[in-house]
Every structure is written in C-alpha cells, then in structure tokens.
Amino acid sequence: MGHTIRARPPREQVAPPGIDRSPEALAGRLEDAAHFPGGHADGIARPRTESEVAALVSTCASVLPIGAQSSVTGGATPAGGVLLSTDRLTAIEPAGPRRYRAGAGVPLDALQSRLAADGCWYAPAPTYTGAFVGGVAATNAAGAATFKYGATRPWIEALTVVLGCGDVLDLERGAVHADPAHGFEVVCAHGIRRFRPGRYVMPGVPKCSAGYYAAAEMDLIDLFIGAEGTLGVIVDLTVRVLPAPGAAASALISCPTESAGLAVVHALRDASQQTWAEKDPLGIDVSAIEHLDQRCLEVLREDGVDRGQSVTIPGSTELLLLVQLELPAGTTAAMAYDAVAGALEPGAPDGPLMRFCQVLAAHGVLDSTELAAPGDSRRAHQFLMLREGAPVGVNRRVGDARRRIDDRIDKTAADMIVPFDRFDDMMAMYRDGYARRGLDYAIWGHISDGNVHPNVIPRSYADVVAGREAILEFGREVVRMGGSPLAEHGVGRSSLKQALLRLMYGDKGVEQMRAIKAALDPDWKLAPGVLFARQ
Ligand SMILES: Cc1cc2nc3c(=O)[nH]c(=O)nc-3n(C[C@H](O)[C@H](O)[C@H](O)COP(=O)(O)OP(=O)(O)OC[C@H]3O[C@@H](n4cnc5c(N)ncnc54)[C@H](O)[C@@H]3O)c2cc1C
C-alpha cells in the first residue's frame, strides 16, 4: 500500500469511435431527468471498449460521460463538447467470491437479473433501476435500503477509469491511500499528477453526494466514486454482492398524525439495529422505510393513483409509511398471515412478524396497516407504484404550471439528510420555512435514513424564487444540525446545488476540489461545469 499509482496505457491503440453529429442521434440526449433547458452537444460517441474510450477522450477537448441520464441535477445534461455514452459497455462477469465486474453501461436491473440467475443480488440500489452502474458509482447513489445496506461507495471494490489524458487507472480498494504529508501521486505518461485530499470535514450521515470525498488517509478509489464524471470516465467496476435475500414483506402503514408516524419509525429503526447488533433471528429486520406526507396523499387521490393501485388510504391519514421487512428464508404467505393473526394473542410464538405487529399495536397503527405477504409481488409492486405516484404527480404539476403559467417555473426541490435524532427538527424547519413563505409543498422520501425530498408545488414563478430561498435557508440549518443538504442526487449543473456545496464546505473547500480537478484533468475536459465552474 502506498500513495502513488502508475497509470497505464489503454490495452490497445485504436482509432477513436465515430462521433455522430446528426440531430437524430442527439435527439433525446440533450437533457437528463432534471429537464434543464438549453442542453447542446457537438455530437455523441458510443465506445465499445476501454481503448475506444481512451482514444475518444484523448482526442476531444470536452467530454461528458453519460449513463442512463437519470440525473435529477443536470449532471448528465451536455453544455457543448462530445457526449460519451457508456451504453455499449455492457459486459458482466464474476470477479471472485461474491464479486462481479460490470461495464459502466450495465443498467442496474440487468445487473440484478444476471445476479439473480446466480443466486445473488446487489443491495444498495437506488430507486431508479434503469440507472447504469457507471452513473450510480459516479454519483455515489443511495436508495431506500441505505438504512440497512448503506450507499454505493463501500460496495465498490475496483474501478477502471480513463483519465482526461487518455491513460488508464486500475483502482483497487485498499491499494492506494493518501499520505498525510504528500497526498497522492498519479504517474501518467505525460507527467506526475500530485494532489491532496480536501481538508473539509464530511458530515457523519449515511448518504452524502456532495463533491469529492475527503479524509486524511483516504483510499484513492473513493475520490472517483461520487465525482460525477469530472475526474475520469469509469469504464467498469467491481461490486460486492450478497446471497439472494430470504423472504420479504412490505407493509403500508397509515398514521393519523405525523408525530405518531415518526414514533413508529423511531421504534422500527431501534428494533432493527438491535436485531443486527445481536444477530437475533427472531428480531425485526427492516431494510427501508419510505414516507409520504399528507400533501402527497392529496396528490395521489387527485390523480386517482390510490384507486388505480387498489389501495384505500383512510381520509384521516397524515403520514403514510411503506416498510420493507426482511424475514427468515422460507417464510411463506400462510406463515406470515398466521403470525399476524396471532401476534397479540397471549403465548403467540415469538418471531419478526409478531414483534413487528406488537410495535405497530403499541403505536395504535396495527389496524391501519396492510401487509403484502412474502411472495405477493403484485401487491408489493402496487405499494411501490403508490409511493412513486407522489414524485410523478408533483413533477407533472410543475410541468403543467410551466406550460400554463410561466416558462421559468422549474422543479424546486431539496434532497437533504440529517442525523436521525434531528429528523423531527428538520421536518419542523421545512414546515415553518414553507408556511412563512405561503408555499404549497409536498414531502416524501427515505425516512429510515433521515433523508427526504421537500418539493414546492409552484403556482407562480415567485413561488419558485421563494422556494429556492427556502432551500438555501434549510441547507444552512441542515449543515448546523450535522447533516448534508446534498444527500443522494449529487450536485450536477444545478446552480442551487452548487450554492449548497459552497455553503457546506465554504469557498475554501470548493477551491480544494478545484485543485484536485486541475491536477487530474489539467485541460478541464471532463464534465466541465459539473460540481463547480472552472473560474
Ligand atoms: C425516478 C427517479 C428516481 C431516482 N431515485 C434515486 C434514488 O433513490 N437514489 C439516488 O441516489 N438517485 C436517484 N435518482 C437519480 C439518478 O437515478 C442517480 O443519480 C443515478 O445514479 C444516475 O445514473 P445514470 O446512469 O442515469 O447517470 P447519468 O444521469 O447519466 O449521469 C449522472 C452523472 O454521472 C456521470 N457519469 C455517468 N456515467 C459515468 C461514467 N461511466 N463515468 C464517469 N462519470 C459518469 C455523468 O457525467 C453525470 O455527472 C433517481 C432518478 C429518477 C429519475
């Protein structure tokens, strides 16, 4: 182990892949899921190998690597230069015990199907399963089940990265660490790149996608995870996988008040952490809890999503929770229903579902809970579609307002996380900040991590302006609470998210990131304008 790594030339010297400059090829590639207007590119190339990636990068002045373009921050929206689509880098192969190596262009759902055939799965997947693994690594994506499995970073064991100069780095976890005095040295054909990790302190929360990872003796691989394409093009990665999970159930819990819902979440989190600590086979084992607030529920009802998914949400519900509960292998639907039916009887057999029901009963929400039993994938899918109906409905309202009222109206949303013991304070802060500004808003998200997405439902451009101001105010407060105002979606080209990054680490911190970028990509050719401007 040392602080120096020698980059190598690509495996073959090849001609760069063709750059398609036709409007047809670029159609649909000029924006990502953030739908920022004005995306433009000189052309698009679709390399098939590491060598083609290297040949392209070394001959272009400006390159934006893209995956599935599901970025919600404009990170995959081109601002000139050439788009490097990774969609032909799709090989998947075993790479040792519980390790798989996948091309950057493998969609997560394709990876999961391949793993399922081998009796395994990749645990920390984000909600959008069409995302490519290269994009997931580049954004250090996290998902609903971060509560149990963490975010992407610790699951990546190796990366192959093409640098801006066209040299290739083979990064293996544990192989290269920052030297406290000298930082890192990357030896390339055209010189030695020297740089130090940022000296800013990252918040101690389960997810943080906020510029470059920094720690005194950090692993070099961690710098490229979450760098949003600005330091190198990820060609392939090796991930750790788990044996396929045992049984699972989902529960939809209608809570009469927000505080009652939060109490349920606290109890389920505590019980699950105790189960993991004690390795208790009878304990509650929750991997994720998703949350929809009252305004989300109104949106679902207005859009008929509840009826469409055959779900009845009691009118008195203030907070809806969707819980993913892991159960011992072999638990059948019949066993699950028996356990639920007998859970409150004296002498009921102990087990995860019995204990789960007892927690719900203690909080007065057992009768307003519906269970999708193990194996009932249709019902579980309906619950998930209900949850997804909230962002879909809110995003549609934003689009409608843009068309009908003012074309400057845009999605005005945050993605913040606090240590869970400050979650109630964060929710109170959102409610107060939005109410003071007279804004209509909805909040949903990954409550088991303390990470939610407050979204303004704008009725005018003034609402968007006030919503952005509120987000900056929230960001300052979240940093004070020890959290991150940039939890899982990254920074991208969003001016608001770039302002939140400065707010987190100060101008000094962003300068330290710029210094790393300048050392590794001196021509500033990779994803320019993503994370921060060149200046
Ligand atoms: C419906 C929906 C749900 C979502 N849910 C979640 C969620 O639960 N959690 C979460 O974290 N995110 C979520 N996202 C955001 C998004 O899916 C993630 O950020 C995802 O990781 C992006 O992957 P992608 O392949 O689409 O990357 P893209 O959007 O194409 O790119 C994202 C960034 O990564 C860079 N990049 C892409 N590929 C490479 C590569 N091979 N090498 C170097 N840089 C690269 C790009 O330059 C860009 O800066 C969601 C998005 C949508 C639309």
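Attention in this report is confined to the structure presented alongside it. Each chain carries its own residue numbering, running from 1 in the written order of its sequence. In view of the model being predicted, local features appear only for residues whose pLDDT reaches at least 70, and side-chain atom pairs are presented and counted only at 80 or more, with totals across whole chains, interfaces and linings using the full set of residues. As a convention, hydrogens and water are excluded, and side-chain values are obtained from all of the structure's heavy atoms.

With respect to the site of the ligand
Any residue with a heavy atom lying within 4 Å of a molecule or strand is counted as near it. Around the ligand, a shell composed of 33 residues is seen, among which Pro65, Gly67, Ser70, Thr127 and Ala142 lie nearest. We call two N or O atoms a polar contact when they sit within 3.5 Å, provided that within protein one can donate a hydrogen and the other can accept it, with sequence-adjacent residues counted only if both atoms are side-chain atoms. Between the ligand and Pro65 there is a distance of 2.7 Å, counted from an oxygen atom to a backbone nitrogen or oxygen. Thr127 places a side-chain nitrogen or oxygen 2.7 Å from an oxygen atom of the ligand. Per-residue accessibility takes into account occlusion by the displayed protein chains alone, with areas from the Shrake-Rupley method and a 1.4 Å probe. Contact with the protein chains removes 91% of the 970 Å² of surface that the ligand exposes when unbound. Strands are runs of DSSP state E lasting at least two residues, helices are runs of H or I lasting at least four, and both sets are numbered from the N terminus onward. Those elements giving two or more residues to the shell around the ligand turn out to be strand E3 (63-66), helix H4 (133-138) and strand E12 (233-240). It is H4 that provides the largest number of residues to the shell around the ligand, a total of four residues. Gly falls in the polar group here, along with every residue not listed as nonpolar (Ala, Val, Leu, Ile, Met, Phe, Trp, Tyr, Cys, Pro) or charged (Asp, Glu, Lys, Arg). Its residues assigned to classes, the shell around the ligand shows 17 nonpolar, 14 polar and two charged. Taken domain by domain, the shell around the ligand gets at least three of its residues from each of domain 1 (4-242 + 514-520) and domain 3 (392-498). Domain ranges listed in this record stem from an automatic or a database domain assignment.

A short note on the pairing of strand E14 (residues 247-255)
When a residue's accessible area, from a 1.4 Å probe over protein chains only, is under 20% of the maximum for its type it is buried; when over 50% it is exposed; and in between it is partly exposed. Most of E14 is tucked away, with eight of its nine residues classed as buried. Sheet topology places E14 next to strand E16 (residues 319-327); nine bridges connect them, and they run antiparallel. Looking at the pairing, Ala247 lines up with Leu327 of E16. Following DSSP output, two strands are said to pair if at least two bridges run between them. By the bridge criterion, four bridges tie E14 to strand E17 (residues 369-372) in an arrangement that is antiparallel.

Observations regarding the sheet that holds E14
Sheets are built from strands that pair by backbone hydrogen bonding, the pairs being arranged parallel or antiparallel. Read from one edge to the other, the open sheet built from seven strands follows the order E17-E14-E16-E15-E19-E20-E18, with strand pairing classed as antiparallel. Of all strands in the sheet, those with a lone pairing partner are E17 and strand E18 (416-417), marking the two edges. Note: E18 against strand E20 (residues 451-456), two bridges, orientation antiparallel. Directly across from Met416, in E20, lies its bridge partner Val452. Every residue pair with non-hydrogen atoms within 4.5 Å of one another is taken to be in contact. To define axes, lines are fitted to C-alpha atoms, for helices over the stretch in contact only, and angles between the resulting N-to-C directions are given on a 0 to 180 degree scale. Running at roughly 160 degrees to E16, helix H11 (residues 352-362) makes contact with E14, E16 and E17 of the sheet.

Side note on the sheet that holds E3
Taken in spatial order, the three strands make up an open sheet running E2-E4-E3, and their pairing is parallel. Each of the sheet's edge strands pairs with one partner strand only, and the pair in question is strand E2 (43-45) and E3. The average angle at which neighbouring strand axes cross in this sheet is 30 degrees, direction not considered. Here E3 runs beside strand E4 (residues 82-85); their pairing, made up of four bridges, is parallel. Across the sheet, Val63 pairs through a bridge with Val82, a residue of E4.

Section: the pattern of salt bridges
Any two side chains of opposite charge can pair if their charged atoms end up close together. Here, a salt bridge means any Lys or Arg side-chain nitrogen found within 4 Å of an Asp or Glu carboxyl oxygen. By the definition in use, this model includes 42 salt bridges. The salt bridge partner of Lys148 is Asp285, with a shortest N-O separation of 3.1 Å. On the criterion of sequence distance, the pair formed by Lys148 in helix H5 (residues 146-149) and Asp285 in the loop between helix H7 (258-278) and strand E15 (286-293) is long-range, its members being 137 residues apart. When its relative accessible area of 15% is taken as the criterion, Asp285 is described as buried. Residues Asp410 and Arg402 are paired through a salt bridge, measuring 3.5 Å at the closest nitrogen-oxygen approach. Here Arg402 falls in the partly exposed class, since its relative accessible area comes to 27%.

So, the packing of aromatic side chains
Aromatic rings from Phe, Tyr and Trp, taking only the six-membered ring of Trp, are treated as a pair when their centres fall within 6.5 Å; an angle between ring planes under 30 degrees marks them as stacked, one over 60 as edge-to-face, and anything in between as tilted. Summed over all chains, the structure comprises twelve aromatic pairs. Seen from their ring centres, Trp121 and Tyr149 are 5.3 Å apart, and the 90 degrees between their planes marks the pair as edge-to-face. Within this pair, whereas Trp121 is found in strand E7 (residues 120-121), its partner Tyr149 is found in helix H5, the two being separated by 28 residues in sequence. A single burial state applies to Trp121 and to Tyr149, both of which are buried.

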